[in-house]
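Chain residues, written in single-letter form:
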Amino acid sequence: MEFQKISSPSLKDLFINQLEQLILSGKLKIGEKLPPERQLAQSMQVSRAVVNGGIAELEKRGFLEVKPRSGTYVADYRRKGTIDTLISIMNYNGGHLRNEEIRAILEVRESLDTLTARLCIKRLSDEDIEILHQLAQKIRLSGSVHEAAEAAFAFEHEFALLSGNVLIPLIYQSFRISVLSLWEHFCILHGIPALYDNIYHLWTCLRDRDAKAACEWIHTFLGRSIQGDREIYYK
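Residues numbered from 1 in each chain as written. Predicted model: local features only at pLDDT ≥ 70, side-chain atom pairs only at ≥ 80, totals over all residues. Heavy atoms only, no water.

(A) Main features of empty space enclosed by the protein. Within the structure shown, the criterion is met by two cavities of 30 Å³ or more. Volume-wise, the largest cavity comes out at about 90 Å³. Along its surface, the largest cavity is lined by Ile 105, Leu 106, Arg 109, Val 179, Leu 182, Trp 183, Phe 186, Phe 221, Leu 222, Ser 225 and Ile 232. If you list the elements that add at least two residues to the lining of the largest cavity, you get helix H6 (99-120), helix H10 (176-190) and helix H12 (211-227). For the lining of the largest cavity, the element with the highest residue contribution is H10, accounting for four residues. Grouping the amino acids of the lining of the largest cavity by side-chain chemistry returns nine nonpolar, one polar and one charged. Arg 109, Leu 112, Ile 171, Tyr 172, Phe 175 and Val 179 together form the lining of the second largest cavity. Those elements giving two or more residues to the lining of the second largest cavity turn out to be H6 and helix H9 (167-174). (1 Å grid on protein atoms, 1.4 Å probe; cavity = no way out; pocket = protein on both sides within 12 Å on 5 of 7 lines; lining within 4 Å. Points joined across faces, edges and corners; volume = space filled by probe spheres on them. Helix = DSSP H or I, 4+ residues; strand = E, 2+ residues; numbered from the N terminus. Nonpolar A, V, L, I, M, F, W, Y, C, P; charged D, E, K, R; others polar.)

Printed below as a string of structure tokens:
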């Protein structure tokens, strides 16, 4: 086995992470002006180059806005954000989301899953159906909630790839950490068999090439997680 070199985060990465945490937690408010770079460097005991590079990256991610001759401000990332912003939000706090974010993810997933179902139904080969079946069975055979969550994500990501749309799998991948956390929490609350039943029922709709039934089931099981008998909010 070949082992890879272990490297620690750079000071720039740590600077970026700290400011993202402050912005996403609300401790740094939208529109708030940051201290000058020299002051930030002194306070955080890093070089001006680290601060300058970190600010440039955070501006690229939609979290900061640099106004010439005025200063650096916390941007409204909901308006200025990119896919990098989405990834940062999904990874915030190790994927442990607030309840409004859980609801938002589930609502977006419902739209994505139904679109994926409509796109892939006519494209699915018998081989594709068998691959999805094998992935679904890995959930049933899982020995831990983490293993079940990984298996469920693998099924969903393959499902997205089979849509033929190049963006959908990338969007799924950006949700990875948070979705794994939600699947694990679902299994803790409702059990691995409940997760398997949801995925397996979707697979039967795909096997039958029934787009209407697939979309109805997606609406049903995600709806139950949003506001039904199988909610997955953190109490």
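(B) Highlighting the nonpolar core. Formed by 45 residues in total, the largest nonpolar core has its most connected members in Leu 124, Leu 132, Ile 139, Phe 155, Leu 195, Leu 202 and Leu 206. The element best represented in this core is helix H11 (residues 192-207), accounting for nine residues. Among all residues touching Leu 124, those that are not within four sequence positions of it are Ile 129, Leu 132, Leu 162, Leu 206 and Arg 209. (Core = buried A, V, L, I, M, F, W, Y, C linked by side-chain atoms within 4.5 Å. Buried < 20%, exposed > 50% of the residue type's maximum accessible area, 1.4 Å probe, protein only. Contact = heavy atoms within 4.5 Å.)

(C) Up close: unusual backbone geometry. With a phi angle near 55°, Gln 45 is a residue other than glycine that sits in the positive phi range. Examined against the element boundaries, Gln 45 turns out to sit in the loop between helix H2 (37-44) and helix H3 (48-60). A positive phi is found at Arg 69, a non-glycine position, where the angle reads about 60°. Inspection of the secondary structure assignment puts Arg 69 in the loop between strand S1 (64-67) and strand S2 (71-74). Look at Arg 69 and you get exposed, because its relative accessible area is 87%.

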